[in-house]
Amino acid sequence: MAEFVTVATTDEIPPGERLVVGVGRKWIAIFNVDGTYYAIADVCTHDDGPLAEGELHDCVITCPRHGAEFDIKTGKVLKAPAMVDVPTYPVRVEGEDIQIEV
Ligand code: FES
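Okay, so let's go over this structure. (Residues numbered from 1 in each chain as written. Predicted model: local features only at pLDDT ≥ 70, side-chain atom pairs only at ≥ 80, totals over all residues. Heavy atoms only, no water.)

## Comments concerning the state of the cysteines
Moving on, step 1. The full count for this structure, using the stated rule, is zero disulfides.
Moving on, step 2. The thiol sulfur of Cys59 is not disulfide-bonded, and the nearest other cysteine sulfur, from Cys63, lies at 18 Å.
Moving on, step 3. Assessed through its relative accessible area of 13%, Cys59 is described here as buried. (Disulfide = S-S within 2.5 Å. Buried < 20%, exposed > 50% of the residue type's maximum accessible area, 1.4 Å probe, protein only.)

Quick look at the structure:
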């Protein structure tokens, strides 16, 4: 059953920053875009590239490996060579804790 787990505190991810956390067997990238947090799998669906190492413009992350683009709000793939959306995870803030539902 899905549950929210605390993965970081708000001071660890200020606006414009990102953090990769391990939850179970998953690597998840958490982004702070102007105070709103988004969480996606840190694994590109093309060839497992580390998405959190890519450049972020607005809410579009570019995979550093071959340049695929994803919307971090929805996980939708926006540009090839990736063809499959990347998983996203709900995020909530409880006090100073950032929690994601996995
Ligand atoms: S691994 Fe991300 S575009 Fe190829």
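The rest of the description comes next.
## A look at the nonpolar core
Moving on, step 1. Within the largest apolar cluster, 29 residues are counted, with the highest numbers of intra-cluster contacts made by Val7, Ile28, Ile30, Ile40, Phe70 and Ile72.
Moving on, step 2. Setting aside its immediate chain neighbours within four residues, Ile40 contacts Trp27, Ile28, Ala29, Phe31, Leu51, Ile61, Ile72, Val86, Pro87, Thr88 and Tyr89. (Core = buried A, V, L, I, M, F, W, Y, C linked by side-chain atoms within 4.5 Å. Contact = heavy atoms within 4.5 Å.)

## Quick notes on the sheet that holds strand S9 (residues 88-89)
Moving on, step 1. The four strands lie next to each other as S2-S3-S4-S9, forming an open sheet whose pairing is antiparallel. Strands at the two margins of the open sheet, each flanked by one partner only, are strand S2 (18-23) and S9. (Pairing = 2+ DSSP bridges. Helix = DSSP H or I, 4+ residues; strand = E, 2+ residues; numbered from the N terminus.)

## Looking at the packing of aromatic side chains
Moving on, step 1. Applying the stated criterion across every chain yields a total of zero aromatic pairs.
Moving on, step 2. A cation over a ring is seen here: Arg92 above Phe4, with NZ or CZ 4.0 Å from the ring centre. (Phe/Tyr/Trp six-rings, centres within 6.5 Å; stacked < 30°, edge-to-face > 60°. Lys NZ or Arg CZ within 6 Å of the ring centre and 35° of its normal.)

## Quick word on the pattern of salt bridges
Moving on, step 1. Here the structure, examined in full by the defined rule, presents one salt bridge.
Moving on, step 2. Close ionic contact of Lys76 with Asp85 constitutes a salt bridge, the shortest N to O distance being 3.3 Å.
Moving on, step 3. Overall, the relative accessible area of 45% leaves Lys76 in the partly exposed class. (Salt bridge = Lys/Arg side-chain N within 4 Å of Asp/Glu carboxyl O.)

## Side note on the sheet that holds strand S11 (residues 97-101)
Moving on, step 1. On the basis of which strands lie adjacent, the open sheet formed by three strands has the order S1-S11-S10 and antiparallel pairing. Because the sheet does not close on itself, it has two edges, and the strands there are strand S1 (4-9) and strand S10 (91-94). Going from strand to strand, the sheet's axes swing by 35 degrees on average, the running direction of each strand aside.
Moving on, step 2. In the sheet, S1 pairs with S11 via five bridges, with the strands oriented antiparallel. Following the sheet pairing, Thr6 is matched in S11 by Gln99. (Axes fitted to C-alpha atoms, helices over the stretch in contact; angles between N-to-C directions.)

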